Amino acid sequence: MSIADAVARARETGEYQDVLESIPYMAFLGLRVDHDENGPIVRMPGSDHIIGNPVLPAIHGGVVGAFLESAAIIHLIWAHESRQVPKIINLTVEYLRSARVVETFAQATITKHGRRIANVRIEAWQADRAKPVAAAHAHFLLPAEED
Amino acid sequence: MRLVVEPRPEWRRFPAVDMAGMQQLEDTLPHIRSLGIRIMSLDGPVAVSRLPYADRLVGDPDTGVLHGGAITTQIDNLCAVAMHSAIGHYVPCVTIDLRVEYLKPATPGHDVIAKAECRRVTRQVAFISAAAYHDENDPIALASCTYMLLPERESSMYETGGKQ
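All residue numbers refer to position in the chain's written sequence, counted from 1. Both sets of labels track the order of writing: A upward for chains, 1 upward for ligands. Selection of residues for local features in this predicted model requires a pLDDT of at least 70, selection of side-chain atom pairs for listing and counting requires 80 or more, and totals for whole chains, interfaces and linings are taken over all residues. Neither water nor hydrogens contribute to the side-chain values; these are computed over all heavy atoms in the structure.

Section: the overall build of chain B
Put simply, DSSP H or I for four residues or longer makes a helix, DSSP E for two residues or longer makes a strand, and each gets a number counted from the N terminus. For chain B, the helix and strand inventory stands at four helices and eight strands. Secondary structure of chain B in N-to-C order comes out as α-α-β-β-β-β-α-β-β-β-β-α. A radius of gyration in this sense is built from C-alpha atoms; the matching globule rule multiplies 2.2 Å by the number of residues raised to 0.38. Against the compact-globule benchmark of 15 Å for 164 residues, chain B has a radius of gyration of 16 Å, which places it among compact chains. Seen through its C-alpha atoms, chain B measures out along the principal axes to roughly 50 × 30 × 25 Å. Burial status follows relative accessibility: with a 1.4 Å probe on protein chains alone, a residue under 20% of its type maximum counts as buried, one over 50% as exposed, and anything between as partly exposed. Across the 164 residues that make up chain B, the buried fraction comes to 55%. Pairs at least 24 residues apart make up 67% of the contacts formed inside chain B by residues separated by at least 6 positions. The contact criterion used is simple: two residues touch if any of their non-hydrogen atoms lie within 4.5 Å.

As for the side chain of H67 of chain B
With respect to the helices, strands and loops of the structure, H67 of chain B is situated in the loop between strand 4 (65–66) and helix 3 (68–87). Polar contacts, as counted here, are pairs of nitrogen or oxygen atoms within 3.5 Å of one another; within protein the pair requires one atom able to donate a hydrogen and one able to accept it, and residues that are adjacent in sequence qualify only if both atoms are side-chain atoms. Among the polar contacts listed, one links the side chain of H67 of chain B to the side chain of S70 of chain A, at a separation of 3.1 Å.

Points about the pairing of strand 8 (residues 141–149) of chain B
Residue and element names in this part refer to chain B. Note: strand 5 (residues 93–102) against strand 8, nine bridges, orientation antiparallel. Residue pairing across strands places V100 opposite A143, the latter belonging to strand 8. The pairing of strand 7 (residues 125–133) with strand 8 spans eight bridges and is antiparallel. Bridge pairing in strand 8 places A131 opposite L142. Two strands pair if DSSP finds at least two bridges between them.

As for the pattern of salt bridges
Residues and elements named next belong to chain B. Salt-bridge detection follows one rule: a side-chain nitrogen of Lys or Arg within 4 Å of a carboxyl oxygen of Asp or Glu. Applying the stated criterion to the full structure yields 13 salt bridges over all chains. Note that R50 is salt-bridged to D111, the shortest N-O span being 3.1 Å. Of this pair, R50 sits in strand 2 (residues 46–51) while D111 is found in the loop between strand 5 and strand 6 (112–121), placing the two residues 61 residues apart along the sequence. Looking at R50, the relative accessible area reads 32%, which means it is partly exposed. Among the salt bridges present, the one from R119 reaches E117, with a minimum N-O distance of 3.7 Å.

A look at the packing of helix 4 (residues 61–80) of chain A against helix 3 of chain B
At their nearest, the axes of helix 4 of chain A and helix 3 of chain B sit 7 Å apart, and the two run at 155° to each other. If you check the angle between helix 4 of chain A and helix 3 of chain B, you find them roughly antiparallel. Read as a crossing pair, helix 4 of chain A and helix 3 of chain B show a hand that is right-handed. On the side of helix 4 of chain A, the interface is formed by G61, G62, V63, G65, A66 and E69 of chain A, while helix 3 of chain B contributes G68, G69, T72, T73 and D76 of chain B. For this classification, Asp, Glu, Lys and Arg are treated as charged, while Ala, Val, Leu, Ile, Met, Phe, Trp, Tyr, Cys and Pro are nonpolar and the rest, including Gly, are polar. Of the residues belonging to the contact of helix 4 of chain A with helix 3 of chain B, the class tally is two nonpolar, seven polar and two charged. Axis definition: a line fitted to C-alpha atoms, limited for helices to the stretch in contact. Angles are taken between N-to-C directions and run from 0 to 180 degrees. Note on angle classes: values under 35 degrees are labelled roughly parallel, values over 145 roughly antiparallel, values of 65 to 115 roughly perpendicular, and the remainder oblique. In this scheme the crossing of two helices becomes right-handed for a clockwise turn of the near helix relative to the far one and left-handed for an anticlockwise turn of less than a right angle.

Here's the deal with the interface of chain A and chain B
The parts lose accessible area when they come together, and the size of an interface is often stated as this lost area. Counting from both sides, the interface comprises 36 residues of chain A and, opposite them, 35 residues of chain B. Between chain A and chain B, the buried area comes to about 2,700 Å², and carbon and sulfur atoms account for 59% of it. Our count for the contact surface shared by chain A and chain B stands at zero salt bridges. Of all the secondary structure elements, the ones that give two or more residues to the side of chain A that touches chain B are helix 3 (24–28), strand 3 (51–53), helix 4 and strand 5 (87–95) of chain A. As a working definition, buried area equals the accessible area (1.4 Å probe) given up by two parts on being put together, with both sides summed.

Section: the nonpolar core
Grouped together as the largest cluster of nonpolar side chains are 96 residues, with contacts concentrated most on L68 and I122 of chain A together with L57, I75, M83, I128 and Y147 of chain B. In this view, M83 of chain B contacts V91, C93, C118, A126, I128, Y147 and L149 of chain B; residues no more than four positions away in its chain are not counted. We define a nonpolar core as any set of buried Ala, Val, Leu, Ile, Met, Phe, Trp, Tyr and Cys residues linked to one another through side-chain atoms lying within 4.5 Å.

As for helix 1 (residues 19–27) of chain B
For helix 1 of chain B, every residue scored as buried is listed here: G21, M22, Q23, L25 and E26 of chain B. Near the N-terminus of helix 1 of chain B, the side chain that reaches the backbone nitrogen of A20 of chain B, with its oxygen 3.3 Å away, is that of D18 of chain B.

Re the packing of aromatic side chains
All names here are of chain A. Planes of paired rings set the category: under 30 degrees apart is stacked, over 60 is edge-to-face and the rest tilted, where pairs are Phe, Tyr or Trp rings (Trp by its six-membered ring) whose centres lie within 6.5 Å. One pass over the structure, following the stated rule, counts two aromatic pairs over all chains. With a centroid separation of 6.0 Å and 40° between ring planes, the pair formed by Y25 and F28 is classed as tilted. Of this pair, Y25 and F28 both sit in helix 3, three residues apart, which is roughly one turn of the helix. Its relative accessible area of 0% is what places Y25 among the buried residues. Note on F28: relative accessible area 17%, which makes it buried. Note on F105 and W125: the rings are 5.9 Å apart at their centroids and 20° apart in plane angle, and the pair reads as stacked. Residue F105 is located in strand 6 (residues 104–113), and its partner W125 is located in strand 7 (residues 117–125); the two are separated by 20 residues in the primary sequence. Just as F105 is buried, W125 falls in that class too. Placement of a positive charge over a ring is assigned whenever Lys NZ or Arg CZ falls within 6 Å of the ring centre and within 35 degrees of the normal to the ring plane. Its end group placed over the ring of W125, R129 keeps NZ or CZ at 3.9 Å from the ring centre.

None of the figures reported here should be taken as evidence of function without further support.
Spelled out as structure tokens, the structure:
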């Protein structure tokens, strides 16, 4: 399914899993999407193939970054009702705690939504939302407004 | 100017870095293996790796451009490789901060090369900068990464990586 078709259907159903599935790398990471009153919550299952440090063991730091970026993209598509993937400009990840290889959640908030640029803050947590494992802020270039 | 690091006494108990051991360590990291990332060269504080283009790593199905996250992972991994190479020993460490600027999209169908250079190492912190590109003069992404060193920690992963 194309992004445009998936977004069109998500607008009707309120279900963004198909949007996520239409983005290959997000499907590759096994991401799922749920919702609460603040928007999408993206979920990444703990699996062997996301391990970066087999001794701790811990999720790869780069995967944590990719996961936070993905949560931001899904949030922007949801908030902006965009039919294209917003382009990332930059991403700064703060690693706060070792990310164990268990189910991990992330939710984004838009700190500023301009016409062309969105500033996004993202947090990832595991068992306890009050103890985030990582946080990021990122800028995205938004697709031009559609008629 | 290239960084020269004098190994501290507490680092010397960890195995020495070499190219074969580094690639073997990389092969024990499931996500690095599943992305197909290979170390191409290791020279003091400078390391180079290759991320093969793959359809499953695409972030925008309309264009076929790779997801930024795949490049983030390549860079994060390579920054650790460059840091170990600069130090000369597999000192346990964790990423504390990573910033990536995405200058332009990767070209669909093309492998991504990354080059990381360790700029400074203190007793507890290391600073690394990196670039990802097809053509070194026209970077796709620029990055800076900060690691915390944990020489007080035992780590069998680094034992394996260095010895064989």
